[in-house]
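# Understanding the architecture of this molecule
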There are 2 protein chains.
Amino acid sequence: MAEDKKLVEAITSMEEDFAQWYTDVVKKADLMCYSSVKGCMIFKPDGYAIWENIQHELDRRFKATGVKNVYMPMFIPESLLQREKDHVEGFAPEVAWVTEGGLQPLQEKMCVRPTSETLFCDYYKNEIQSYRDLPQLCNQWCSVVRWEKETRPFLRSREFLWQEGHTAHATAEEAEARTQQMLNLYADFVEEVLAIPVIKGRKTDKEKFAGAEATYTIEALMHDGKALQSGTSHNFGDGFAKAFGIQYTDKDNKLKYVHQTSWGMTTRLIGALIMVHGDNSGLVLPPRIAPVQVCIVPVMQKKPGVLDKAFEIKEVLSNFRVKVDDSDKSPGWKFSEQEMRGIPLRIEMGPRDIEANQAVLVRRDNGEKITVSLDEIDVRVGELLEIIQKEMLERARKHRDSHTTVALNYDEFKDAVANKPGFIKAMWCGNQECEDKIKEETTATSRCMPFEQEHLSDVCVCCGRPAKAMVYWGKAY
Amino acid sequence: MAEDKKLVEAITSMEEDFAQWYTDVVKKADLMCYSSVKGCMIFKPDGYAIWENIQHELDRRFKATGVKNVYMPMFIPESLLQREKDHVEGFAPEVAWVTEGGLQPLQEKMCVRPTSETLFCDYYKNEIQSYRDLPQLCNQWCSVVRWEKETRPFLRSREFLWQEGHTAHATAEEAEARTQQMLNLYADFVEEVLAIPVIKGRKTDKEKFAGAEATYTIEALMHDGKALQSGTSHNFGDGFAKAFGIQYTDKDNKLKYVHQTSWGMTTRLIGALIMVHGDNSGLVLPPRIAPVQVCIVPVMQKKPGVLDKAFEIKEVLSNFRVKVDDSDKSPGWKFSEQEMRGIPLRIEMGPRDIEANQAVLVRRDNGEKITVSLDEIDVRVGELLEIIQKEMLERARKHRDSHTTVALNYDEFKDAVANKPGFIKAMWCGNQECEDKIKEETTATSRCMPFEQEHLSDVCVCCGRPAKAMVYWGKAY
């Protein structure tokens, strides 16, 4: 059977070839596949279900802070995209242009949104008249298009799914507070739900978003020691407001410009989940985000009573997302499949277990087997899922901390990039020349200036001039 | 204040100018606005919240039938769109073409999806090998683009939001059963949740979907007597499978073509809600779909204890979606606003009510006022919302039935189109010539051949030849 063959072939080990391991997991865990549309991917049911859970949980958290969802057009007329100078410079080279519609050439060409700041500004210009109309706290869930040359599943594709929040405020202080609030929300979500520890910090000017005054970021470390930017929050100050003429009449009857923010998270997060938690048996999903949390595998399922008991236990576990694998495959086959798909907990139960009123729980994250009484299985499953969630975060944090190197001079820095995969903490003078030099000579980029600064030394790791900030550096996806 | 002025201006009455009334409601209930992108609209928070509720409820019903969500690329290469002959003829004239990306002309131009049959076929061709891979039951939530010349909010715009389900089956019978299952699901949803009665039936060949063997539809009647196609479900037979080469090896080891369906519902439903239930005070939303079900308006809210009590009652009503309007506007102003926004139930409570341990409930749908004790307010609100939901459906059904005319000959038919807004039931010979003639001479189109056929006469209302079916006719949006 074609289906069997697909899984029986082992995946490449991550030690042998991490990139190939990643591609294998993505395919064999049935998360995505390529389409006839160059550079675009298809989210298959198991991949999209992870995104739905991410959406559900993020959306809940957004709304708890007063954010409301809207939907803007997917097209941006060329003249609108060009309104803010830095923004158009950043995005124009990588957009796709619609030039014909309804069998006619368009009078003005339009790009498919690479991001929607310009559309929200155009909207806010009309919506906002008075201080009473502020703040505006909007978000949209949609796809965006950036014409990338090289693509990788979930990490970089010409079209990807994301959310983009766009807010407008009366004062600079409020905008800054919202920018930080959303970054903290992202960090909490990623740590609590995806079990991925992150570094919170500010991007250097070189790495910030096109048109932003400040970009904050959360940076995660993948298993191979490369960094992944996992969410960003931008403070635009009043730059866009001035370019688009977004003004309000304040209580003092004066006309003032609004201050704006935007913040986004994407389907990259699925890539992060794979590369932080996965192992050589496939995907490993944290319980809180797993579409299926528990897979019940009946052993000798043709014996009378076995399948009935399996479905009975499914009912008992109705507080969890449970699947009974009653297909006609062998138990060993089902075990591998459950492992490949990253289901956090497996319940094995055969006739002898049932006779003894017990089942064997097997943890996906560390392989541990625990025999439990069926009388307390719901409590034990709940406890175990919590423990798995917690220990996956701890394990990822340990990996990150043991893959973070301090470099006090340029030789140490170069040695770290060459020989110690992971983050490098090093001091920086604040000049882009050093950042450019480091990138060119080592391929490491500045990931962020962390909010939690440490004083490692007095001088820049690159030029030896007085240091202004500690920076996390690393090779990145 | 700009905001005040916006609402104080009364809306056009629907008897005076239904089209203007519709536009006024859409704007003053804050559901949408136009953007700088010609023909595209912005879904504002209150409009999008209705769509979110529609999505949530439909998605739950889809998943209960085994459907899973996926996401396909938004682009279709020209060669892929052209694969099925009828399909490309139907859609090519109204697509938007992307011809440049990343500063380069594309080697092959791509359209923005007007619908995704071709993409799903391309996907299924690779996914489906054996009978074990069937059925495939996929859905996606996305936006699609059709380059319309004339547009109207929610009813017709160049980009709109929808869901599109696409399934593949081993047999023709299974595909037909799924096509009907989804039509029934749509009809139940629209009646139970949106309180809109529908006629279920089959489209004539002239009106069916490009590439389909059969298109089933649910047709609703708006307040002005025009019909609105509210959801469609298509059986493609094996036409697309043959065009795309989608075959599977059956249990008998023979290679067979799959049979496919697709089905969709769109943001048109928001237009239907407005035009079926709205009145001259604005929007009227059925409780089950209303983002806010109950609006508490404190009277003399500056008196000590009034606002506290209002928020206390909100807590008591935590099973419902409740808002306290504690803004500094006058109660009368708040009443109009709640009416304009279509909130199903208002609770008025001032110091005297509170002293008497009571509140006044006001129904949006019929203006009825009911004084209830605060001790039983949660029970009474629950009962009333159920009653409102039920009576809104009954009212809409009565309106539809009293606006349905039987025409036995062409004179009666023309008289009905001219003088009796609504559905016309009449017999048809089955020839497209008559359908074309009726459309040309009266502007009425065939809405559907209802599943519940009636024998009104032996002959076609147009040509007098033997009749084959009873058809619902009408002017339509």
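Residues numbered from 1 in each chain as written. Chains lettered and ligands numbered in written order. Predicted model: local features only at pLDDT ≥ 70, side-chain atom pairs only at ≥ 80, totals over all residues. Heavy atoms only, no water.

As annotated in an unreviewed UniProt entry, chain A is Proline--tRNA ligase from [Bacteroides] pectinophilus ATCC 43243. The UniProt entry for chain A carries the following text under Sequence similarities (unreviewed entry): "Belongs to the class-II aminoacyl-tRNA synthetase family. ProS type 3 subfamily." Checking UniProt for chain A, the heading Subunit (unreviewed entry) contains the comment "Homodimer." (UniProt positions renumbered as here; feature names shortened; annotations may be inferred.)

### A closer look at the overall build of chain A
For chain A, the count of helices and strands is 15 helices and 23 strands. Scaling as 2.2 N^0.38, a compact globule of 477 residues should have a C-alpha radius of gyration of about 23 Å, and chain A matches this with 25 Å. By residue count, 59% of the 477 residues in chain A fall in the buried class. In chain A, the share of contacts with a sequence separation of at least 24, taken over all contacts with a separation of at least 6, comes to 68%. (Helix = DSSP H or I, 4+ residues; strand = E, 2+ residues; numbered from the N terminus. Rg over C-alpha atoms; globule rule 2.2 N^0.38 Å. Buried < 20%, exposed > 50% of the residue type's maximum accessible area, 1.4 Å probe, protein only. Contact = heavy atoms within 4.5 Å.)

### Brief notes about the interface of chain B and chain A
The partner chain A presents 55 residues to the 55 residues of chain B that form the contact. Buried surface at the junction of chain B and chain A, both sides included, amounts to about 4,800 Å², of which 61% is carbon and sulfur. Summed over the three residues of chain B that lose the most area to chain A, namely Tyr71(B), Arg132(B) and Trp147(B), the buried surface amounts to 13% of that side. The interface formed by chain B and chain A contains eight salt bridges. Residue Lys63(A) is joined to Glu52(B) by a salt bridge in which the shortest nitrogen-to-oxygen separation is 3.0 Å. Where chain B touches chain A, the interface holds 25 residue pairs in polar contact (both at pLDDT 80 or more). A per-element tally of the side of chain B that touches chain A places strand 5 (residues 96-101) of chain B first, with six residues. For the side of chain B that touches chain A, the residue count by class is 32 nonpolar, eight polar and 15 charged. Sheet topology note: the strand 5 (residues 96-101) of chain A/strand 5 of chain B ladder contains five bridges and is antiparallel. Bridge pairing in strand 5 of chain B places Ala96(A) opposite Gly101(B). (Buried area = accessible area lost by both parts, 1.4 Å probe. Salt bridge = Lys/Arg side-chain N within 4 Å of Asp/Glu carboxyl O. Polar contact = N/O pair within 3.5 Å; in protein donor to acceptor, adjacent residues only side chain to side chain. Nonpolar A, V, L, I, M, F, W, Y, C, P; charged D, E, K, R; others polar. Pairing = 2+ DSSP bridges.)

### Considering the sheet that holds strand 8 (residues 159-169) of chain B
Residues and elements named next belong to chain B. The strand order across the open sheet built from 11 strands is 3-7-8-14-11-10-9-22-23-21-20, with neighbouring strands paired in mixed fashion. Each edge of the sheet is formed by a strand with only one pairing partner; in this case those strands are strand 3 (68-69) and strand 20 (404-406). Across three bridges, strand 20 lies against strand 21 (residues 423-428) in parallel orientation. Across the sheet, the residue bridging to Val406 is Lys425, located in strand 21. This element, helix 3 (residues 45-64), spans strand 3, strand 7 (136-145), strand 8 and strand 14 (259-266) of the sheet and lies at about 165° to strand 7. (Axes fitted to C-alpha atoms, helices over the stretch in contact; angles between N-to-C directions.)

### Comments concerning the relation of the copies chain B and chain A
When chain B is fitted to chain A, the best match, at an RMSD of 0.0 Å, comes from turning it 180° and sliding it 0.0 Å along the axis. As the rotation angle and translation indicate, the two copies are arranged about a two-fold axis. Across chain B, the smallest distance between a C-alpha and the rotation axis is recorded for Val98(B), namely 2.1 Å. Residue by residue, 100% of the interface of chain B is reproduced at the interface of chain A, so both copies engage with the same surface. (Least-squares fit on C-alpha atoms with pLDDT ≥ 70 in both.)

### Observations regarding the nonpolar core
Within the largest apolar cluster, 210 residues are counted, with the highest numbers of intra-cluster contacts made by Phe75(A) and Phe75(B). Residues in contact with Phe75(B), not counting those within four places in the same chain, are Val37(A), Cys40(A), Val112(A), Val145(A), Trp147(A), Val98(B), Met110(B), Cys111(B), Val112(B) and Leu119(B). Judged by nonpolar contacts, the second largest core, of 25 residues, contains Ala310(A), Val322(A), Ile370(A) and Leu374(A). (Core = buried A, V, L, I, M, F, W, Y, C linked by side-chain atoms within 4.5 Å.)

### Here we look at the packing of helix 2 (residues 18-28) of chain A against helix 9 (residues 268-277) of chain A
Between two packed helices, what matters for the description is the angle formed by their axes and the separation of those axes. Residues and elements named next belong to chain A. Contact geometry for helix 2 and helix 9: axes closest at 11 Å, N-to-C directions at 115°. Here the hand of the crossing between helix 2 and helix 9 comes out right-handed. On the side of helix 2, the interface is formed by Phe18, Trp21, Tyr22, Val25 and Val26, while helix 9 contributes Gly271, Ile274 and Met275. Its residues placed into classes, the contact of helix 2 with helix 9 shows seven nonpolar, one polar and no charged. (Left-handed = near helix turned anticlockwise from the far one by under 90°.)

### Thoughts on the confidence of the model for chain A
Detailed reading of predicted coordinates is not advised where the pLDDT is low. Overall, the prediction assigns chain A a mean pLDDT of 96, with 98% of residues at 70 or greater. Across residues 1-6 of chain A, confidence stays below pLDDT 50; counting only partners more than four residues off in sequence or on other chains, it has seven contacts. (pLDDT = per-residue confidence, 0-100.)

### What to know about the packing of helix 3 (residues 45-64) of chain A against helix 9 of chain A
Residue and element names in this part refer to chain A. Packing of helix 3 against helix 9 brings their axes to within 10 Å, and their N-to-C directions diverge by 110°. Judged on the interaxial angle alone, helix 9 and helix 3 are roughly perpendicular. From helix 3, Gly47, Ile50, Trp51 and Ile54 reach across to helix 9, where they touch Leu269, Ile270 and Leu273. (Parallel < 35°, antiparallel > 145°, perpendicular 65-115°, else oblique.)

### Observations regarding the pattern of salt bridges
Residue and element names in this part refer to chain A. Summed over the entire model, instances satisfying the criterion amount to 80 salt bridges over all chains. Here Lys44 and Asp30 are joined by a salt bridge, their closest N and O atoms 2.8 Å apart. Within this pair, whereas Lys44 is found in the loop between strand 2 (41-43) and helix 3, its partner Asp30 is found in the loop between helix 2 and strand 1 (32-34), the two being separated by 14 residues in sequence. Residue class for Lys44 comes out buried when judged on its relative accessible area of 5%. A salt bridge links Glu394 to Lys390; the nearest nitrogen and oxygen atoms lie 3.6 Å apart. Note that Glu394 and Lys390 are positioned in helix 13 (residues 377-402) at a spacing of four residues, about one turn of the helix. When its relative accessible area of 41% is taken as the criterion, Glu394 is described as partly exposed. Residue class for Lys390 comes out exposed when judged on its relative accessible area of 53%.

### Considerations on the packing of aromatic side chains
The tally for this structure, following the rule as stated, stands at 39 aromatic pairs over all chains. Through successive ring pairs, a cluster of aromatic residues spans Trp51(A), Phe62(A), Trp141(A), Tyr186(A) and Trp263(A). Directly above the aromatic system of Trp97(A) lies the positively charged group of Lys109(A), at a separation of 4.5 Å from the ring centroid. Sitting over the ring of Phe335(B), Arg346(B) keeps its end group 4.1 Å from the ring centre. (Phe/Tyr/Trp six-rings, centres within 6.5 Å; stacked < 30°, edge-to-face > 60°. Lys NZ or Arg CZ within 6 Å of the ring centre and 35° of its normal.)

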